[in-house]
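Residue strings, one per chain:
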Amino acid sequence: MLLIKNGRVIDPVTHTDEVMDVLIDGNHIVKTGYDLEAEGAEVIDADGLVVAPGLVDTHVHFRDPGFTYKEDIETGAAAAARGGFTMVVCMANTKPAVDNLETLKYIQDKGAKTGIHVVQTATVTKGLAGKELVDMDSLAAAGAAGFTDDGIPIMDEKLLLEAMEKARNLDLPVSLHEEDPLFIAQPGVNQGKVSEKLGYGGASRTAEDIMVARDCVLALHTGASVCIQHISSGNSVDIVRTAKKLGADVHAEATPHHFTLIEDAVLKYGTMARMNPPLRTEKDRRQIIEGIQDGTIDMIVTDHAPHSSEEKARPLDKAPSGITGLETSLALGIYSLVQPGYISLMKLMELMSRNPAEFYRMEPGKIAEGAPADIVIFGENEQWTVNSFASKASNSPFAGWTLPGRVHYTICGGNIVYDAEKYDAEHDV
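Residues numbered from 1 in each chain as written. Predicted model: local features only at pLDDT ≥ 70, side-chain atom pairs only at ≥ 80, totals over all residues. Heavy atoms only, no water.

(A) How the structure looks around the overall build of the chain. The secondary structure content of the chain amounts to 14 helices and 18 strands. For the chain, the C-alpha radius of gyration of 21 Å lies close to 22 Å, the compact-globule estimate for 429 residues. Projected onto the principal axes, the alpha-carbon positions of the chain cover approximately 65 × 45 × 40 Å. Each of the 429 residues in the chain was classed as buried or not, and the buried ones make up 62%. For the chain, the share of sequence-separated contacts (at least 6 apart) that also reach a separation of at least 24 residues comes to 75%. Summing over all exposed atoms, the chain offers an accessible surface of approximately 16,000 Å²; the carbon and sulfur share of this is 49%. Between the averaged position of the 38 positive side-chain charges in the chain and that of its 63 negative side-chain charges there is a distance of 6 Å. (Helix = DSSP H or I, 4+ residues; strand = E, 2+ residues; numbered from the N terminus. Rg over C-alpha atoms; globule rule 2.2 N^0.38 Å. Buried < 20%, exposed > 50% of the residue type's maximum accessible area, 1.4 Å probe, protein only. Contact = heavy atoms within 4.5 Å. Areas by Shrake-Rupley, 256 points an atom, 1.4 Å probe, with all protein chains shown as cover. Lys, Arg positive; Asp, Glu negative; His and termini not counted. Charge placed at Lys NZ, Arg CZ, Asp CG, Glu CD.)

(B) Main features of the UniProt feature "binding site: Zn(2+) 1" (unreviewed entry) in the chain. Sites flagged by UniProt as "binding site: Zn(2+) 1" (unreviewed entry) map to His59, His61, Asp150 and Asp303. Of the residues just listed, which span 245 residues, no C-alpha pair is farther apart than 9.8 Å, and they cluster in one region. On the secondary structure map, histidine 59 appears in strand 6 (residues 55-60). With a relative accessible area of 0%, histidine 59 lands in the buried category. Among residues more than four places away in sequence, those in contact with histidine 59 are Val89, Met91, Asp150, Gln229, His230, Glu253, Val301, Thr302, Asp303 and His304. Of the polar contacts made by the side chain of histidine 59, one reaches the side chain of aspartate 150; its length is 2.9 Å. For aspartate 150, a relative accessible area of 3% puts it in the buried group. (UniProt positions renumbered as here; feature names shortened; annotations may be inferred. Polar contact = N/O pair within 3.5 Å; in protein donor to acceptor, adjacent residues only side chain to side chain.)

(C) Structural detail: the packing of helix 6 (residues 205-222) against helix 7 (residues 234-246). Between helix 6 and helix 7, the shortest axis-to-axis distance is 9 Å and the interhelical angle comes to 10°. By the criterion of interaxial angle, the relationship of helix 6 to helix 7 is roughly parallel. On helix 7, the residues that touch Arg205, Glu208, Asp209, Val212, Ala213, Cys216 and Leu220 of helix 6 are Asn235, Ser236, Ile239, Val240, Ala243 and Leu246. When the residues that make up the contact of helix 6 with helix 7 are grouped by side-chain class, the tally is 8 nonpolar, 2 polar and 3 charged. (Axes fitted to C-alpha atoms, helices over the stretch in contact; angles between N-to-C directions. Parallel < 35°, antiparallel > 145°, perpendicular 65-115°, else oblique. Nonpolar A, V, L, I, M, F, W, Y, C, P; charged D, E, K, R; others polar.)

(D) Up close: helix 13 (residues 345-359). With 15 residues, helix 13 should cover 21 Å at 1.5 Å per step; its first-to-last C-alpha distance of 20 Å lies within 8% of that length. The axis of helix 13 is deflected most strongly, by about 40°, at leucine 351. The buried fraction of helix 13 is high, at 11 of 15 residues. Downstream of helix 13 by one or two residues, arginine 361 has phi in the positive range, about 65°. (Expected span 1.5 Å × (residues − 1). Bend = angle between axes of the 7 residues up to and from the residue.)

(E) Molecular detail of the environment of glutamate 290. Residue placement: glutamate 290 occurs in helix 10 (residues 282-294). Separated by 52 residues in sequence, glutamate 290 and aspartate 238 place their C-alpha atoms 9.9 Å apart.

(F) Quick look at the nonpolar core. Ranked by internal contacts, the top residues of the largest apolar core, which has 78 residues, are Val88, Leu348 and Phe378. Excluding its chain neighbours within four sequence positions, the residues that come into contact with leucine 348 are Ile300, Leu330, Gly333, Ile334, Leu337, Val338 and Ile343. Core analysis: the second largest hydrophobic core is formed by 19 residues, Val189, Ala331, Leu332 and Phe398 among them. (Core = buried A, V, L, I, M, F, W, Y, C linked by side-chain atoms within 4.5 Å.)

(G) Structural context of the sheet that holds strand 8 (residues 117-120). Spatially, 6-7-8 is the arrangement adopted by the 3 strands of the open sheet, whose pairing is parallel. The outermost strands of the open sheet, each flanked by one partner alone, are strand 6 and strand 8. Strand-to-strand twist of the sheet, defined as the mean angle between neighbouring strand axes without regard to direction, takes the value 20°. Where strand 6 meets strand 7 (residues 85-90), 4 bridges bridge the pair, whose relative direction is parallel. Paired with valine 56 across the two strands is methionine 87, which belongs to strand 7. (Pairing = 2+ DSSP bridges.)

(H) Focus on the pairing of strand 17 (residues 406-412). In terms of burial, strand 17 is largely enclosed, as 7 of its 7 residues are buried. Two elements, strand 14 (residues 375-379) and strand 17, share 5 bridges in a ladder whose sense is antiparallel. The partner of isoleucine 377 across the bridge, within strand 17, is tyrosine 409.

(I) Seen up close, the pairing of strand 12 (residues 250-254). For strand 12, the buried fraction is high: 5 of the 5 residues fall into the buried class. The two faces of strand 12 match: Val250, Ala252 and Ala254 on one face and His251 and Glu253 on the other face are all buried. Bridge count between strand 11 (residues 226-228) and strand 12: 3 bridges; the pairing is parallel. Looking at the pairing, isoleucine 228 lines up with alanine 252 of strand 12. Once you follow strand 11 into helix 7 and on to strand 12, the crossover reads as right-handed. (Right-handed = clockwise from strand over helix to strand, strands pointing away.)

(J) Examining the sheet that holds strand 10 (residues 174-176) more closely. An order of 9-10-11-12-13 is seen for the 5 strands of this open sheet, with the pairing classed as parallel. Every other strand in the sheet has two partners, leaving strand 9 (147-148) and strand 13 (299-300) as the edge strands with one partner each. Summarising the sheet, strand 10 and strand 11 pair through 3 bridges and their orientation is parallel. For leucine 176, the partnering residue across the bridge sits in strand 11 and is isoleucine 228.

Right, here's the structure in full:
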């Protein structure tokens, strides 16, 4: 048994925000209340800390199989646990891609041994080639959480229409990477003042806007549940807002880097701030925050994209795009959204736990009797410095930053899968 005492329980499912105790027996919560006692239970003193449902990140890259020098399922899960996540949804652009049952099962089996819930998507098209649909029926039956060619836009709208109709019938989501190559001279950097200063072609926001507009209309037409991934353009936020008003089942993700940084970060952090879609302007950042505030953007995800230090040390035009994000996501949500007063901590938990789970057709976590004991315990305003990573990778512009929101414990299935004090002692943090 595990008894969490005197924590501030914040739960967007039960709409709870009060100090109470939580008793765990086995892999479930058996009681919540006040002045609870349980003989023989391990006690966690959560006085002054927040106790919330485990975080859910529905957009991560664990690079396994095929690119395990960057990350693997075990190290990715360790990074997730350190960030307060008890569930992650992995993207399908591995090597081989998750377009077949064998690769899907390999990841599912390996993920089941990590201590957290590792869920896997399948690709929309075979080999991520954008030409032929996968066997969506068999992959869905085998447990694929949804379909995505993330990293690559699906340019064939007839094929995407067919995929959306199929996914609608399977009641599974389709998640889309929205960048039309026609409007990208060079990827990873916004086409604007910074790209001009660097003599780097850049990626226009039009590349995103034109795809988002098309796919919102297709979602409206088909009735499919569609996610616009890692939204970066303020125009695209407006397009999604309009599509929702029209009745489309469209959702949108925002990443901490897109609501925290702008294109100028490339000048300071170099390749660590190169990502697809790129960091854009302060106006775009503000519009993303407005979309989070009014519900246009439903989910905060990391797009955790680990790369080796050797790869990121290449020149800007030759380095891969993406940053590692699992270990800083909660902290940046507090830093960029809660502390400035844009949203409440309850709203942040909704964006980082309840909504992502529901979009992928999973039961959201809650702090209630009978619920699975998937919990994060953190200090909302407690400062910590980003000076180590449980991930294999450290490609982050936030390395060295001091942020609020230190995670103390992550509990999954009743087991403590991350203990900050033990981690810091073992890693000399």
